[in-house]
Amino acid sequence: MSLCESQDKVFFEVYNEPHAASGTVSGLSKSWWWPVQLKFVQAIRKITRNHFIVVGAEGWNNRFDLMNEKPYAEENIVYNFHFYDPFLFTHQGADWTGWLPAQQASNVPYPSSPAAVAALVSATSQQELKDILSWHGNQKYNYDSLLKWVKPVADWGKRNNVVVTCNEFGSYKLKSPRQSRLNWIGDMRKALEANNIPWSMWECDEGFGWIDYPNNDRSKPIVDNEVLIALGLK
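Residues numbered from 1 in each chain as written. Predicted model: local features only at pLDDT ≥ 70, side-chain atom pairs only at ≥ 80, totals over all residues. Heavy atoms only, no water.

When you go through the protein chain residue by residue, the secondary structure sums to 11 helices and 6 strands. Along the three orthogonal principal directions, the C-alpha set of the protein chain runs to about 60 × 45 × 30 Å. In the protein chain, which comprises 234 residues, the proportion classed as buried is 43%. Restricting to contacts in the protein chain with at least 6 residues of sequence separation, those with at least 24 account for 66%. When the 23 positive and 25 negative side-chain charges of the protein chain are each reduced to one mean point, those points stand 4 Å apart. (Helix = DSSP H or I, 4+ residues; strand = E, 2+ residues; numbered from the N terminus. Buried < 20%, exposed > 50% of the residue type's maximum accessible area, 1.4 Å probe, protein only. Contact = heavy atoms within 4.5 Å. Lys, Arg positive; Asp, Glu negative; His and termini not counted. Charge placed at Lys NZ, Arg CZ, Asp CG, Glu CD.)

Here it is, written out as structure tokens:
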């Protein structure tokens, strides 16, 4: 299969979640990445002018950093952001985050309210977790919150006449209340579609996924149909 034949099947992505200036290299400005990424785009264009190239901003494909940038003067570029807010909810129980409250949290609800988190706040002796749980409740996160966060990215794309996509969103399921997770996934998908933003959920069959393997038997996958319904796929 030649490159010309595979234009609608093969997309190039320059780099997934660049973050050298977001805690990896001390003193490095996030502005380093945009011109470096352009060099990769131009190198790809020497091979093919037609294929779509997926690009993203510093800060793990952060939407705020994307909106601070000016689109490239190149055709067939797709501008990608990732979305995991509110982070305490989407990453509760995730021990690799490096953020202690997320590592300690469990049963954090969505939508949120002071009443919904009251028992969790009372149950923990960890002051930082207590404070962030209270914050989570007081913010009253719901569909309107997600819509408010997504709309500025869509507006940036419209102003600049470029395609914007959300190539990752998801909720870690280990310690998340099941119905809350389904609520968030459904609301996130709807918020993106309400803004005409194409999407893909992270991911398939691990901690954020929609497939499970009972007893770790990978020959017998179980599809989580409720997640597919939340995604509008069933």
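Structure's up, so let's keep going.
What follows is about the nonpolar core. Across soluble globular proteins, nonpolar side chains show a tendency to be buried alongside one another. In terms of nonpolar packing, the biggest core is built from 45 residues, with Tyr 79, Phe 81, Phe 83, Phe 169 and Trp 184 touching the most fellow members. If we skip the residues at most four places from it in the chain, Tyr 79 touches Trp 34, Val 55, Leu 66, Pro 71, Tyr 72, Trp 156, Val 162, Val 163, Val 164 and Thr 165. (Core = buried A, V, L, I, M, F, W, Y, C linked by side-chain atoms within 4.5 Å.)

Tallied over the full model, the rule gives 10 salt bridges. Taking the shortest distance from any N to any O, the salt bridge between Glu 226 and Arg 178 comes out at 2.6 Å. Of this pair, Glu 226 sits in helix α11 (residues 225-230) while Arg 178 sits in helix α10 (residues 178-194), placing them 48 residues apart in sequence. Sharing partners across several salt bridges, the network here consists of Arg 178, Asp 224 and Glu 226. (Salt bridge = Lys/Arg side-chain N within 4 Å of Asp/Glu carboxyl O.)

This brings us to the layout of surface pockets. In this structure, the largest pocket encloses a volume near 640 Å³. As for the largest pocket, its lining consists of 20 residues, and the residues nearest its centre are Gly 59, Trp 60, Tyr 84, Phe 87 and His 91. Elements with a contribution of two residues or more to the lining of the largest pocket: α3 (58-61), α4 (63-67) and β3 (77-83). Among the elements that take part in the lining of the largest pocket, α3 stands out by supplying 3 residues, more than any other. Tallied by class, the residues present in the lining of the largest pocket amount to 9 nonpolar, 7 polar and 4 charged. (1 Å grid on protein atoms, 1.4 Å probe; cavity = no way out; pocket = protein on both sides within 12 Å on 5 of 7 lines; lining within 4 Å. Points joined across faces, edges and corners; volume = space filled by probe spheres on them. Nonpolar A, V, L, I, M, F, W, Y, C, P; charged D, E, K, R; others polar.)

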